[in-house]
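So the chains spell out like this:
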Amino acid sequence: MKEYKVIEVKFKNKNKVEEIMNDMAKLGWELTCMSYWSGWSTGLLIAFSRERKED
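Each chain has its residues counted from 1, following the order in which its sequence is written. With pLDDT at 70 or above as the cut-off, local features in this predicted model cover only qualifying residues; side-chain atom pairs require 80 or more to be listed or tallied, and sums for whole chains, interfaces and linings still use all residues. The basis for the side-chain values is all heavy atoms of the structure; hydrogens and waters are excluded.

(A) A look at the sheet that holds strand 3 (residues 42-51). Strands qualify as paired when DSSP identifies two bridges or more between them. Numbering goes from the N terminus for both helices and strands, where a helix is a DSSP run of H or I of at least four residues and a strand is a run of E of at least two. In spatial order, the strands read 1-3-2; together these three strands make up an open sheet with antiparallel pairing. On the outer flanks of this sheet lie strand 1 (2-9) and strand 2 (30-38), each paired with one strand and no other. Direction aside, the axes of adjacent strands within the sheet are offset by 15° on average. Summarising the sheet, strand 1 and strand 3 pair through eight bridges and their orientation is antiparallel. Bridge pairing in strand 3 places Y4 opposite S49. Lines are fitted to the C-alpha atoms to define the axes, a helix being fitted only along its stretch in contact, and any angle between axes, read from their N-to-C directions, falls within 0 to 180 degrees.

(B) Focus on the nonpolar core. By size, the foremost hydrophobic cluster in this structure holds nine residues: I7, V9, V17, I20, M24, W29, L44, I46 and F48. Elements supplying a minimum of two residues to this core: strand 1, helix 1 (14-26) and strand 3. For this analysis, residues touch if any pair of their heavy atoms sits within 4.5 Å. Apart from residues lying up to four places away in sequence, I7 is in contact with I20, M24, L44, L45, I46 and F48. Here, nonpolar core refers to any group of buried Ala, Val, Leu, Ile, Met, Phe, Trp, Tyr and Cys residues whose side-chain atoms link them within 4.5 Å. Relative accessible area decides the class of each residue, using a 1.4 Å probe on protein chains only: under 20% of the type maximum gives buried, over 50% gives exposed, and in between gives partly exposed.

So, in structure tokens, the structure goes:
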């Protein structure tokens with residue numbers, strides 16, 4: 001079974017977004033999708049997934 005995590009990123013710095021994605025990859029998370037939006041502020045929603053570790 002998979003587990004999912006969604007992170008909201010409000011940084012306009014591309015390098016910071018890459019850093020977050022690389023850090024998540026080191027923890028075993030894979031990028032599932034990204035969504036860009038603008039409204040009151042501009043940001044990204046980044047979704048990750050990985051196989052759930054059984055206890």
